[in-house]
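Given next are the chains, with one letter for each unit.
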Amino acid sequence: MAAIALLASSRLMASSRSSTAAQRLSSMSRQFSSTPMTAAEIKKLGVVGAGQMGLGIALVAAQRAEVPVIVVDNSQRSLDKGMAFADKLLSKDVSKQRISQEIADATKKRLTPSTNMQDLSDVDMVIEAVPEIPKLKEDIFAQLAEICPKHAILATNTSSISITKIAAATTKDPTDTSASSRVVSTHFMNPVPVQKGVEIISGLQTSEETVKTAVAFCEKMGKVPSVSADKPGFLANRILMPYINEAVICLETGVGKKEDIDNIMKNGTNVPMGPLALADFIGLDTCLAIMETLHQGLGDSKYRPSPLLRQYVDAGWLGKKSGKGFYDYKS
Ligand SMILES: NC(=O)c1ccc[n+]([C@@H]2O[C@H](COP(=O)([O-])OP(=O)(O)OC[C@H]3O[C@@H](n4cnc5c(N)ncnc54)[C@H](O)[C@@H]3O)[C@@H](O)[C@H]2O)c1
């Protein structure tokens, strides 16, 4: 499926090897200890949020990294939908002879759905992929710090929220970095089974070992890490979202019809889908949340979210996942 603009840019950036990604991260923001650190082995993974990103991450980890994965979601409906989607993807891969039936069966067996966060008490790493709402993510990380083992890597798939802020939510005492030093961002690209790019972002508190372990695990999943500083939108969405937002403004102000906007970008810049179709695919709520983070975080009016984008979200027209966005997906 669609190798989206976000991902195309990510591929360009990701031409270097992941070991150098860890080195670049080390040198970017702060001095690490002079003791060489090694990546810890991840034997069991947890994923929080079984939506399009969480499920994709869980599936690729189970298949490529061959680790058992507990997938936690507070909605049984989302879990059922996610597991059914995993079945569908695996069957498709078998029918197209990309993988054997044995690999599909083994992958499926490694996925355990759950509605109970306490089931994350024995994981070595957890990747959070709940909606892009700062307070929600902070609450989840406060819980993860309590529930997960004291060595576990606590990773977020956030598209734009400060990793430093998410890490700070793991403790009431900011001088105690025993949990916050284990927080890192592994920002996978959508769709996870297809796209190789992943952004690795460390917060102020993140330890070198945490970064190395996250990079090594992403590599085990077959991904190519790129390094970004902990700034609003990081690299991928700092570039992609203003492009999508401008396309919505063009629609809103009558510069072009949706088909013309998408066609000119698709046929003129060699991307697999136009910006409005891409926004529907990502989720309009996610796009709005990222624009809000860019607007607030960078304080520049050029990042103001389109009022039409906000109206679509208010209407519940969130794109492909809700059956309607700029296009209809019911039929
Ligand atoms: N959609 C994209 O293209 C994309 C790409 C990269 C990163 N992201 C980021 O990934 C994250 C998830 O995005 P998504 O598109 O998968 O969202 P989604 O809406 O498809 O899925 C979110 C899931 O989280 C679950 N959830 C909500 N509250 C929860 C809670 N308290 N505990 C457990 N589960 C809970 C929901 O039931 C849902 O299944 C966001 O931070 C988003 O910004 C999205």
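If you look the chain up in an unreviewed UniProt entry, it shows as 3-hydroxybutyryl-CoA dehydrogenase from Lithohypha guttulata. According to the UniProt record, the Sequence similarities (unreviewed entry) comment for the chain reads "Belongs to the 3-hydroxyacyl-CoA dehydrogenase family."

Some remarks on the site of the ligand
Around the ligand lies a shell of 26 residues, among which Asp73, Glu132, Lys137, Ser159 and Asn190 are the nearest. Between Val130 and the ligand, the recorded distance is 3.3 Å, taken from a backbone N or O atom to an oxygen atom. Separating an oxygen atom of the ligand from a side-chain N or O atom of Asn190 is a distance of 2.8 Å. Here the ligand loses 88% of its free accessible area of 840 Å² to cover by the protein chains. At the level of elements, α3 (52–65), α6 (134–147) and β6 (183–188) are the ones that each hand at least two residues to the shell around the ligand. Ranked by residues supplied to the shell around the ligand, first place goes to α6 with 3 residues. Taken together, the residues of the shell around the ligand sort by class into 10 nonpolar, 12 polar and 4 charged.

Observations concerning the packing of aromatic side chains
The full count for this structure, using the stated rule, is 2 aromatic pairs. When the ring of Tyr312 is compared with that of Phe326, the centres are 4.7 Å apart and the planes differ by 35 degrees; the resulting orientation is tilted. Of the two residues, Tyr312 sits in helix α13 (residues 307–315) while Phe326 sits in the segment after α13, which places them 14 residues apart along the sequence. Residue class for Tyr312 comes out buried when judged on its relative accessible area of 16%. Linked through ring pairs, Tyr312, Trp317 and Phe326 together constitute an aromatic cluster. Lying across the ring of Tyr327, Lys258 places its NZ or CZ 5.0 Å from the centre. We note Lys324 situated over the ring of Trp317; from NZ or CZ to the ring centre the distance is 4.6 Å.

Here we look at the sheet that holds strand β4 (residues 125–128)
Here we have 8 strands laid out as an open sheet, ordered β3-β2-β1-β4-β5-β6-β7-β8, and mixed in their pairing. Edge positions in the open sheet fall to β3 (111–114) and β8 (224–227), since each of these has one partner strand only. Here the average twist between neighbouring strands, direction ignored, is 25 degrees. Sheet topology note: the strand β1 (residues 45–48)/strand β2 (residues 69–72) ladder contains 4 bridges and is parallel. Within β2, the residue paired with Val48 across the bridge is Val72.

Thoughts on the pattern of salt bridges
Per the stated rule, a full pass over the model turns up 11 salt bridges. Note that Arg98 is salt-bridged to Asp93, the shortest N-O span being 2.6 Å. Among the ionic pairs, Lys135 bridges to Asp139, the shortest N-O distance being 3.0 Å. Pair noted here: Lys135 and Asp139 are both in helix α6, with a separation of 4 residues, about one helical turn.

Here's the deal with the packing of α3 against helix α5 (residues 101–110)
Where α3 contacts α5, the two axes come as close as 9 Å, and the packing angle between them is 125 degrees. As summarised for this structure, α3 and α5 are arranged oblique, according to the angle between their axes. As α3 packs across α5, the resulting crossing turns out to be right-handed. Contact residues: α3 offers Leu59, Ala62 and Gln63, while α5 offers Ile103, Thr107 and Arg110. Class assignment of the residues belonging to the contact of α3 with α5 gives a composition of 3 nonpolar, 2 polar and 1 charged.

A few points about unusual backbone geometry
Between Asn190 and Pro191 the backbone carries a cis peptide bond, its omega angle lying at -5 degrees. Mapped onto the elements, Pro191 comes out in the loop between β6 and β7 (197–202). Positive phi, normally seen in glycine, also occurs at Phe234, with a value near 50 degrees. Within the secondary structure, Phe234 is located in the loop between β8 and α9 (236–252). Even without being a glycine, Asn270 presents a positive backbone phi close to 60 degrees. On the basis of relative accessible area, Asn270 is assigned to the exposed category, the value being 73%.

Things to note about the side chain of Ser159
The topology assignment puts Ser159 in the loop between β5 (153–156) and α7 (163–168). Setting aside anything within four residues of it in sequence, one finds Ser159 in contact with Glu132, His187, Gly233, Phe234, Asn237, Thr286 and Ile290.

Here's the deal with the environment of Asp176
Looking at the secondary structure, you find Asp176 in the loop between α7 and β6. Separated by 29 residues in the primary sequence, Asp176 and Gln205 have C-alpha atoms spaced 9.8 Å apart.

What to know about helix α12 (residues 284–298)
Count 3.6 residues to each turn of an α-helix, and residues three or four apart come out pointing the same way. Here α12 spans 21 Å end to end across 15 residues, near enough to the 21 Å set by a 1.5 Å rise per residue. In this fold, the buried residues of α12 make contact with α9, α11 (275–282) and α13. Phi for Gly299, located one or two positions after α12, is positive at around 60 degrees.

Reading guide: rules and limits
Residues numbered from 1 in each chain as written. Predicted model: local features only at pLDDT ≥ 70, side-chain atom pairs only at ≥ 80, totals over all residues. Heavy atoms only, no water. UniProt positions renumbered as here; feature names shortened; annotations may be inferred. Near = heavy atom within 4 Å. Polar contact = N/O pair within 3.5 Å; in protein donor to acceptor, adjacent residues only side chain to side chain. Areas by Shrake-Rupley, 256 points an atom, 1.4 Å probe, with all protein chains shown as cover. Helix = DSSP H or I, 4+ residues; strand = E, 2+ residues; numbered from the N terminus. Nonpolar A, V, L, I, M, F, W, Y, C, P; charged D, E, K, R; others polar. Phe/Tyr/Trp six-rings, centres within 6.5 Å; stacked < 30°, edge-to-face > 60°. Buried < 20%, exposed > 50% of the residue type's maximum accessible area, 1.4 Å probe, protein only. Lys NZ or Arg CZ within 6 Å of the ring centre and 35° of its normal. Pairing = 2+ DSSP bridges. Axes fitted to C-alpha atoms, helices over the stretch in contact; angles between N-to-C directions. Salt bridge = Lys/Arg side-chain N within 4 Å of Asp/Glu carboxyl O. Parallel < 35°, antiparallel > 145°, perpendicular 65-115°, else oblique. Left-handed = near helix turned anticlockwise from the far one by under 90°. Contact = heavy atoms within 4.5 Å. Expected span 1.5 Å × (residues − 1).

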